[in-house]
Amino acid sequence: MIYALAARLGQMALVMFGISVVVFLIFFATPGSDPSARIAGRNASQETLQQVRHDFGLDRPLPVQYALMMKKLFVTRDLTSFVNRGQKVIPTVTRAIPITLSLVIGAALLWLIGGLIVGLIAGATKGSWLDRTLMMISLAGVSMPVFWLGEVANLITQSRFHDSWAFSWVPALGYVPFGRDPLGWFQALVIPWIVLATLYVGLYGRVLRASLIETMQEDFIRMARAKGIGERQVLLRHGLRTSLVAFVTMFGLDFGALVGGGALLTEVVFGLQGVGKLTYDALQTLDLPMIMATVIYASFFVVMANFVVDVVHMFLDPRVRDAF
Amino acid sequence: MRFEPLLEVKDLTVHFRSEEGLVEAVRGVSFNVGRNEILGLVGESGSGKSQTLLAIMGLIDSPNAVLSGSIRFEGQELMGLPRRALDRIRGKKIGMIFQDPMTSLTPVHTIGAQIVETLRAHEQIGRKAAKDRAVELIDAVGIPAPRSVADRYPHQLSGGMRQRAVIAMAMSCNPALLLADEPTTALDVTVQAQILDLIGKLREDFGSSVILVTHDLGVVAETADKVNVMYAGRIVEEGPKEAVFLQPRHPYSWGLFGSIPPFDGPRPARLSAIPGAPPKLSALPKGCSFRPRCPHAHDACLQEPPLAGPVGHRSACVLPDAAIEELAPRQEGAA
Amino acid sequence: MARHFCSEIPHMRNKQTTGAVPAHGLSGPITIHSYTARKAHRYLQGSRAVCERRVRHSRCSELPLLALTGHDNEAAPGKNARRTHINRGMGMKNRTSFAALTSGIALAVFATAAPAGAQGTPGGTLRLLAKAAAGTIDPHINYTLQYFQINYILYDGLVTFKKAGDETGFDVVADLAETLPEPEDGGKTYTFQLRKGLKFADGSDVTPEDVLASFQRIFKVSGPTAGTFYNGIVGADECLAAPADCTLDGGVVIDEEAFTITINLTEPDGEFLQKIAIPHAAILPAETPIKDMGTEPVPGTGPYMIESYNPNERLKMVRNPHFEEWSAEAQPAGYPDEIDYDFGLTEEAAVTAIQNGQADWMFDPPPPDRLAEIGTTYADQASVHPLTAMWYAPMNTNLAPFDDVRVRQAVNYAIDRSAVVKLFGGSNLAQPACQILPPGFPSYEPYCPYTAGGGDTWSAPDMEKAKALVAESGTAGQEVTIIAEDNTVSRAIGVYLQDVLNELGYEAKVQAISQNIQFTYIQNTNNNVQISISQWFQDYPSPSNFLQVLFSCASFNPGSDASVNISGFCDESIDAKMAEAASLTLTDPEKSAELWTEVDKAVTDAAPAAVLFTPKRVDFISSRVKNFTFSPQFYWIMSQSWVE
């Protein structure tokens, strides 16, 4: 177990190193990405340009720049943004983490419950109109781009029906810190939670349904029925419990990616300054230090999520336990 | 005292609607099982023996299945019984075990948990008591270290142990009847013997009857009291084990027993087999379904032959008894 | 009929309000109104909506001010476009009272632009929104419109632009200096008398030492305009070569007793006062660190100071406790107690927030799909003003096919500028332009050689002439790539230009690049950009700001990301004329102005670029913000508005 953990950490470091190098190279390979002129300002004189380039170390060879950036990121931890000069990248990311976590955890709870219910009902009533309806709605949920759904939600709750009794409680777009105002925190996040969860409820519902239907064809289901324990028990204790493995595995990976900033479109649409939005802004403005920080943060979480999923898999499926 | 049989199956028919037409898996099967009796149901694949068992338990859930006939268990009609009532009988009065013990057990629950589940579904019994009972059962089927095995998962046991565990699970509520669908097919020979012993002793230990479905004649010879031979969905011969084995009446049985390689004597150059293949269940031949392969077929066989013969030992063949005497191959006496 | 019916409704509103102030120059009474009750507002909104439902939609859509969506109700700006108010530019044919009302908002604001308004009460918080922060808050470095706007109320220079809502907003007035000095020594020396008793926001006094340190700092931090605006100061050359040791010896000379500062230039520069009026020459405390301050606020002398700055969340400005108004026209006292500038909401969300009253103003232009509702339901919260700016398509004069002047002229003839204006949002948001200098600019005289049918201003494209020129040049069939920005408008214009070039016989395609790097990308000759779409906004109101900065040989730096002469245009004779015009600014301003006009015409004739249109700015404010004053230099003067 310890060995497995150590091996994982080693893998993680390797992956993050690889990603950081690739990001770095892509940035400098992009034509027009040289930040000196943008930092120096519009119509800067050539001397100013040279000065800026020197100040930012942009006239040094690439490997040196990479090493310097990594040092600033990990060792001295004072890497600053190219675009918002003086803004330290790491504290900015750290401050954005609770916002992303609030969004993602809330949505995850919603879609776990929702996906479970949808998948279970659809799988259990396979072929019925209920099953078909649920699957159609799920498909619609999966097909709707999250930013479109978010904008439509905004249109309804912020703009058109904002003053109606249904939505007058919806506060202005943006994040309200929990410590400052728990109720406001909750109110501001409800609509983003629902929007983000919709896609996943559809997806997970369909996956669970398929998994469940497949599981219910297994012999042990027939055996369980032969024991006379009742169909509901058969469905839940034997069918669902066994299908959960695929469900939970998928969840772990999706959740990891989202915590790493994958919900960026939702964050942009709802004005939540989470890690995803930071990534989005940094990509728009080609702010290399910020890009590097958010990408490394994201890759850390994806690798971590993989690891956690493996551990959880072990708990859920005893057959895998002994393989360790 | 009532001597009515434990299980009375009358004219059981199971058809499946399919693209090719009606698949007649079980055609008018009738038999009885008494208390403490072991019935062997023999036949090759596709003869309808497994479907018969599933029909008794009501486990045929295909929407294209059409069942008819009567299945009376302890005087109660099972055919058409609603699910709720059926669940009170399943596991409690009638137990069932299947061919592959690995796939019969839910991989994510412990052995003990699965036995406890059956117990608590049918009896008012606390968790601790149920667990203790489960351990007893595991012990009763001959598994060593029963308490630790109870906390193990199915994949952690060997094939033989698993099947024992499955038997323990099926017998946990002392059902009067156990349906065993090819219980030893997936096991190796040495383990087979042990399991058969176990099944054989269920009569003594639990007082239950058993319907043992198999294509393995040796299994039947070992364990059964009565034998029904099935072919193409019908029972073609039925009778006490010794009678059927030593004096088979039906040409199909002759072919079956003839194909058993001799235990001693010169080694045959080829194994004898019945020529031809069993008919498609969706396109059965007119009359006796064995007619195309029967060396003794004649026109009378175009009519479906009823079961006929001395009391207790009948066959579905139009050959008169004398002819049967004449034509039956000599059998070595089985010990 | 219906038109009058619907528009009568707001006219009734006028009768409910108070404080009618007649404004000059328009027929009919115009009122500045203050809403007496939200209920009244609702009633009127509802009535109008009811009206619009009853009347055919197209009728209602012809109502004025819906013109924000670009229905051409108005005539093109007439000859008197020079230094006119926006509403003359709008030139509406059918003056209903509604139109008068709404145009009156902007105009009446112009008319009552005198600050220190007698009507507002100080207090409250202004809530501003922007999609993103604009970088560093170091006033010597930041070069964005977004922060120039606030730097003008945070900091002061020796001089500044007058905070006025009309064309006098272009005038330079004394700020920290007591009066505007007369240039001496043939225009090479300016002596400023520093006001006494002024303090920075940290409580320290403003002394000549701070002034000297600030000028040195411009070079020490390598400010963006150090080499372009301030290189005329004596000693600037050494400072540019070795910024860390900058002394400006002989260039900026202070007398601590007399409290004066004397600035010596190497050559006379008629634009010098304008150059030091912008925030890059703000006076900061001498101890201000010599580095890009980034997110750390620098104390200033303005009525507001920055309390905190998180580029991801908010820039918070509060009152400067040490501010006392010394000149109402240079730096008037402010009304709001606090100004919160929040970042992160998209433009769509910002418009909705203002509609809901959750915010007061957005910096970014409202997205085109919201203009219709802004122009109708929220018409009284929107104001439109012309900008001294242009959208243009520079063509690379050193790359085929645009190295042939006939091809460049052909492009100018072929473009239908009214179509481009429609892509931008309609004729109330932009007007077609032909020449380099924008309307209202000094030395601007209408001149358009590229219109069908002749005349001073553009009226229609001349495709035949264009095709003839292309045929003459023999360049048809060549491949051309247009570099646009990846936003809706720029892309749409790119696609339109592609059509035009294809019609002229070229093989054109469009490439859209992230708007954050497109500007530097098209400047670098290594990228071989043939034609692109760009904008240019003035720094200060001098013709050199457009003509010299964009089209002189000195602004062309091959192989550099900073070569703002994107077309690479270099004409010796025109260069000489520009130098002459610049040198005459002080000594013979009239001749100088004439020369600039000639340069404008000469450059327009040489067609290094195809000027497309002059944009206007839409400001959308919440209903509680009053006294919206729009300065042509800083746009909305935030300190002069109050909230109710």
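Everything quoted here is computed from the prediction, not taken from an experiment.

## So, the interface of chain C and chain A
Logical step 1: On the side of chain A, 40 residues touch chain C, which itself brings 51 residues to the contact.
Logical step 2: Buried area between chain C and chain A, summed over both chains or domains, comes out near 3600 Å², and the portion from carbon and sulfur atoms is 50%.
Logical step 3: Considering only the side of chain C, the residues that lose the most area to chain A are Asn312, Asn516 and Ile517 of chain C, jointly responsible for 15% of the buried surface there.
Logical step 4: Put simply, chain C and chain A have 1 salt bridge between them.
Logical step 5: Among the salt bridges present, the one from Arg160 of chain A reaches Glu373 of chain C, with a minimum N-O distance of 4.0 Å.

## Considerations on the packing of aromatic side chains
Logical step 1: What the rule picks out here adds up to 44 aromatic pairs over all chains.
Logical step 2: An angle of 50° between the planes, with centres 4.6 Å apart, marks the rings of Tyr231 of chain B and Tyr252 of chain B as tilted. Residue Tyr231 of chain B is found in strand β9 (residues 226–231), and its partner Tyr252 of chain B is found in helix α11 (residues 251–258); the two are separated by 21 residues along the sequence. Each member of the pair Tyr231 of chain B and Tyr252 of chain B is classed as buried.
Logical step 3: Centre to centre, the rings of Tyr190 of chain C and Phe192 of chain C are 6.5 Å apart; their planes meet at 15°, and the pair counts as stacked.
Logical step 4: Here Tyr190 of chain C falls in the buried class, since its relative accessible area comes to 1%.
Logical step 5: Linked through ring pairs, Tyr147, Tyr309, Tyr341, Phe343, Trp361, Phe363, Phe628 and Trp636 of chain C together constitute an aromatic cluster.

## Observations regarding helix α6 (residues 145–154) of chain C
Logical step 1: The buried fraction of α6 of chain C is high, at 9 of 10 residues.
Logical step 2: Gln146, Tyr147, Phe148, Gln149, Ile150, Asn151, Tyr152, Ile153 and Leu154 of chain C are the residues of α6 of chain C that are buried.

## Focus on the UniProt feature "transmembrane region" (unreviewed entry) in chain A
Residue and element names in this part refer to chain A.
Logical step 1: Following the UniProt record, one finds the feature "transmembrane region" (unreviewed entry) at residues 12–30, 96–122, 134–156, 183–203, 244–270 and 290–316.
Logical step 2: Annotation note: span residues 12–30, helix share 95%, strand share 0%, distance between end C-alpha atoms 27 Å.
Logical step 3: Across residues 244–270, helical content stands at 96% and strand content at 0%; the span's end C-alpha atoms are separated by 32 Å.

## Brief notes about the state of the cysteines
Logical step 1: Applying the stated criterion to the full structure yields 3 disulfides over all chains.
Logical step 2: What pairs with Cys434 of chain C in a disulfide is Cys448 of chain C, and their sulfur atoms sit 1.9 Å apart. Judged by the torsion about the S-S bond (45°), the Cys434 of chain C/Cys448 of chain C disulfide is right-handed. Taken together, the residues Cys434 of chain C in the loop between β13 (430–432) and α14 (463–473) and Cys448 of chain C in the loop between β13 and α14 connect sequence positions 14 residues apart.
Logical step 3: Not engaged in a disulfide, the cysteine Cys288 of chain B finds its nearest cysteine sulfur in Cys301 of chain B; these two sulfurs lie 5.9 Å apart.

## Considering the interface of chain B and chain A
Logical step 1: With 29 residues of chain B at the contact, the number on the chain A side is 20 residues.
Logical step 2: Taken over both partners, the interface formed by chain B and chain A buries close to 2300 Å², and the fraction arising from carbon and sulfur atoms is 56%.
Logical step 3: When the buried area of chain B at its contact with chain A is split by residue, Pro107, Val108 and Glu117 of chain B rank highest and sum to 24% of it.
Logical step 4: Counting across the chain B and chain A interface gives 4 salt bridges.
Logical step 5: Residues Arg237 of chain A and Glu117 of chain B are paired through a salt bridge, measuring 3.8 Å at the closest nitrogen-oxygen approach.
Logical step 6: The tally of links from chain B across to chain A stands at 13 residue pairs in polar contact (both at pLDDT 80 or more).
Logical step 7: Sorting the residues of the side of chain B that touches chain A by element identifies α1 (49–57), α2 (83–89), β6 (94–97), α3 (101–104), α4 (111–122) and α7 (159–171) of chain B as the ones contributing at least two each.
Logical step 8: Here the side of chain B that touches chain A takes 5 residues from α4 of chain B, the largest share from any one element.
Logical step 9: Considered class by class, the residues forming the side of chain B that touches chain A number 14 nonpolar, 10 polar and 5 charged.

## Describing the UniProt feature "domain: ABC transporter" (unreviewed entry) in chain B
Logical step 1: Residues annotated by UniProt as "domain: ABC transporter" (unreviewed entry) correspond here to residues 7–257 of chain B.
Logical step 2: Here residues 7–257 of chain B runs as 40% helix and 27% strand, with 28 Å between its end C-alpha atoms.

## Quick notes on the nonpolar core
Logical step 1: Core analysis: the biggest nonpolar cluster contains 126 residues, and Trp111 and Met292 of chain A have the highest contact counts within it.
Logical step 2: Once residues within four sequence positions are removed from consideration, Trp111 of chain A is found in contact with Leu116, Ala197, Tyr200, Val201, Tyr204, Phe251, Asp254 and Leu258 of chain A.

## Quick word on the domain arrangement of chain A
All names here are of chain A.
Logical step 1: What the domain assignment reports for chain A is domain 1 (2–76) and domain 2 (95–317).
Logical step 2: Inter-centroid distance (C-alpha atoms) of domain 1 to domain 2 is 34 Å.
Logical step 3: At the interface, 17 residues of domain 1 touch 16 residues of domain 2.
Logical step 4: Of the roughly 1500 Å² buried at the junction of domain 1 and domain 2 (both faces included), carbon and sulfur atoms supply 86%.
Logical step 5: Taken as a group, Arg8, Met12 and Phe27 account for 34% of the area that domain 1 buries against domain 2, more than any other trio of residues on that side.
Logical step 6: At the boundary of domain 1 and domain 2, one finds 0 salt bridges.
Logical step 7: Taken together, domain 1 and domain 2 are joined by 0 residue pairs in polar contact (both at pLDDT 80 or more).
Logical step 8: Secondary-structure elements contributing two or more residues to the side of domain 1 that touches domain 2 are α1 (2–29) and α4 (62–75).
Logical step 9: With 11 residues, the top contributor of residues to the side of domain 1 that touches domain 2 is α1.

## Notes on the UniProt feature "domain: ABC transmembrane type-1" (unreviewed entry) in chain A
Logical step 1: Per the UniProt annotation, the sites labelled "domain: ABC transmembrane type-1" (unreviewed entry) are residues 97–313 of chain A.
Logical step 2: The distance separating the terminal C-alpha atoms of residues 97–313 of chain A is 26 Å; by composition the span is 81% helix and 0% strand.

## Considering the domain arrangement of chain B
Residue and element names in this part refer to chain B.
Logical step 1: Segmenting chain B into domains produces domain 1 (7–224) and domain 2 (238–327).
Logical step 2: Each side of the interface is counted separately: domain 1 has 14 residues, and domain 2 has 15 residues.
Logical step 3: Both sides together, the interface formed by domain 1 and domain 2 hides about 1200 Å², and carbon and sulfur atoms give 54% of it.
Logical step 4: It is Arg27, Glu44 and Leu217 in domain 1 that bury the most area against domain 2; as a group they hold 44% of the surface buried on that side.
Logical step 5: Run the count over domain 1 and domain 2 and you get 1 salt bridge.
Logical step 6: In this assembly, domain 1 and domain 2 are joined by 5 residue pairs in polar contact (both at pLDDT 80 or more).
Logical step 7: For the side of domain 1 that touches domain 2, the secondary structure elements donating two or more residues are β2 (21–33) and α9 (217–223).
Logical step 8: At 6 residues, β2 tops the list of elements feeding residues into the side of domain 1 that touches domain 2.

Criteria and cut-off values
Residues numbered from 1 in each chain as written. Chains lettered and ligands numbered in written order. Predicted model: local features only at pLDDT ≥ 70, side-chain atom pairs only at ≥ 80, totals over all residues. Heavy atoms only, no water. Contact = heavy atoms within 4.5 Å. Buried area = accessible area lost by both parts, 1.4 Å probe. Salt bridge = Lys/Arg side-chain N within 4 Å of Asp/Glu carboxyl O. Phe/Tyr/Trp six-rings, centres within 6.5 Å; stacked < 30°, edge-to-face > 60°. Helix = DSSP H or I, 4+ residues; strand = E, 2+ residues; numbered from the N terminus. Buried < 20%, exposed > 50% of the residue type's maximum accessible area, 1.4 Å probe, protein only. UniProt positions renumbered as here; feature names shortened; annotations may be inferred. Disulfide = S-S within 2.5 Å. Polar contact = N/O pair within 3.5 Å; in protein donor to acceptor, adjacent residues only side chain to side chain. Nonpolar A, V, L, I, M, F, W, Y, C, P; charged D, E, K, R; others polar. Core = buried A, V, L, I, M, F, W, Y, C linked by side-chain atoms within 4.5 Å. Domains from an automatic or database assignment.

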